[in-house]
Amino acid sequence: MRTPRLRARLCASLLPPPKRHFRVLSRSISTANVSFDSNPPPDSLDLSEWSSHHEEEITKLASKPLRDLNLTDLIRFGRPPLSTPALITSARFTRENLPIRLSRRILALRNLPFIIVSNPHVSQIFDNYRHSLRSILSIPQSHPTTPAEELKFTDILTDIVKTHSNTIPTLARGFIECRRYATPTEVTTFLDQHLRERIGTRLMAEQHIALHIASTTSPDEAANQTAVEDLGGNSNTYIGTIDTALQPSRLIDSCASFVGDICELRYGVRPQVVIDGDPDVRFPYIPVHLEYILTELLKNAFRATVEAGQQAEPIRITIAKDPYSAGISMRIRDRGGGISPDDFPNIWSYSFTTFSQDDEETEGDALDRFNSNVASAGDGSSIAGLGYGLPLSRAYAEYFGGSLQVQSAFGWGTDVYLKLRGVTVEGL
């Protein structure tokens, strides 16, 4: 049985996972008696006194080559617990790359039409990125160099992850309010780039936080703080945020149970899920990414199946191991009537949704109700969203070289094909 704590945690998975598997955000990390060189490097900016000169410095940071983050980067430092030199090297790798990523997002937000960036919700995200950059640049280049400095740096990363935990719903609200000032294509282009880069930025920070916890606490305490058991995992198989022996079928069962509960609450029934193929397959991947993708795909399949009156037909999920890589392929098939030809071209557009609100309910009311519902499984929960789920799921799938494709037989049902690439972990 899923505990109330886990149920609440999984409810948050309807939006990109902010901090479910890393309860380090509430962990107090003491940074007393930590000091750095008295002469900070040129890129240590005081963003509270930004000027055109500071903006030039940000532009210089943003112009540096952006390193593509891959799974090999995340496991390059080895299995925890890491040695002190390895943990410091991980921190310095993160310190070197995060300012470039944050600066790129700052400039992208600043370059939006003034009326959009002036929106209070978009402006809040802009300020959050500036605050995060200021925090990172408070650590001089070529640092941390000591365990105490690494501890302070981890504390900063923890604050950054917490600051950006509500980026998606906040941006959603802002762009809904500004929808008359930008075309759907412009909105999708911006959000697709922004949210894909956000995946790497957040993951880079969370990876070091997880490595820090696993390397500086007892195994039992580390497992408790990262809540790996909630996903059917074993702390011994984790390298930071990566489960090197992730079993997708167990995540499917967990997500299907959660989505089924909300479906039954909303519609009074729930379809069954049948897993076939190779349910025992395991591969190295990031559980929170797969959990988000599965929750979104199952949410769509459950709703379509019930609304088509086909709840007696099971949703079939076939899992297959990729014989040429460390990855997997997955097909999710439903009898929910498919997607209409008019809607199909729009399924990858942010804010596109087929969910119909009551005429008297405004879009703002719908957004408030949706955000409230995904935070808990209380009365009135809806498994329909704002249209960010499917394109964001594709962004997660494609980030490490995977893919997400949809094939629809209108009047019959939908097949979704998910491919994910793992990484070789032998010898670690």
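No experiment lies behind these values; they were computed from the predicted model shown.

Caption draft 1: Looking closely at the overall build of the chain. Scanning the chain from terminus to terminus reveals 14 helices and eight strands. The burial tally for the chain puts 54% of its 428 residues in the buried class. Sequence separation of 24 or more characterises 79% of the internal contacts of the chain that already satisfy a separation of 6 or more. Of the accessible surface of the chain, which amounts to about 18,600 Å², a share of 48% is contributed by carbon and sulfur atoms.

Caption draft 2: Fine view of the sheet that holds strand S2 (residues 242–246). A sheet is described by the order of its strands in space; here three strands give the open sequence S1-S2-S4, paired in antiparallel fashion. Of all strands in the sheet, those with a lone pairing partner are strand S1 (238–239) and strand S4 (283–285), marking the two edges. Inspection of the sheet shows S2 paired to S4 by two bridges, in the antiparallel sense. Looking at the pairing, Leu246 lines up with Phe283 of S4.

Caption draft 3: Looking closely at helix H7 (residues 147–163). In a regular helix each residue adds 1.5 Å, so 17 residues correspond to 24 Å; H7 covers 24 Å between its end C-alpha atoms and thus fits that length. In this fold, the buried residues of H7 make contact with helix H4 (84–110), helix H6 (120–137) and helix H9 (184–216).

Caption draft 4: Spotlight on unusual backbone geometry. Here the bond from Pro80 into Pro81 is cis, since omega is 5 degrees, no more than 30 degrees from zero. Locating Pro81 in the fold gives a position in the loop between helix H3 (71–75) and H4. For Ser142, which is not glycine, the phi dihedral falls at a positive 65 degrees. Checked against the element boundaries, Ser142 lands in the loop between H6 and H7.

Caption draft 5: Quick look at the confidence of the model for the chain. Of all residues in the chain, 74% attain a pLDDT of 70 or more, and the chain-wide mean is 80. Model confidence for the chain, summarised as mean pLDDT per element, is weakest for helix H1 (residues 4–11) at 36 and strongest for strand S8 (residues 413–420) at 98. Under a pLDDT of 50 for its full length, residues 1–48 has, in the predicted model, 130 contacts with residues more than four places off or in other chains. Ignoring residues within four places in sequence, the model shows residues 227–232, a span with pLDDT below 50, making 19 contacts including any to other chains.

Calculation notes
- Residues numbered from 1 in each chain as written.
- Predicted model: local features only at pLDDT ≥ 70, side-chain atom pairs only at ≥ 80, totals over all residues.
- Heavy atoms only, no water.
- Helix = DSSP H or I, 4+ residues; strand = E, 2+ residues; numbered from the N terminus.
- Buried < 20%, exposed > 50% of the residue type's maximum accessible area, 1.4 Å probe, protein only.
- Contact = heavy atoms within 4.5 Å.
- Areas by Shrake-Rupley, 256 points an atom, 1.4 Å probe, with all protein chains shown as cover.
- Pairing = 2+ DSSP bridges.
- Expected span 1.5 Å × (residues − 1).
- pLDDT = per-residue confidence, 0-100.

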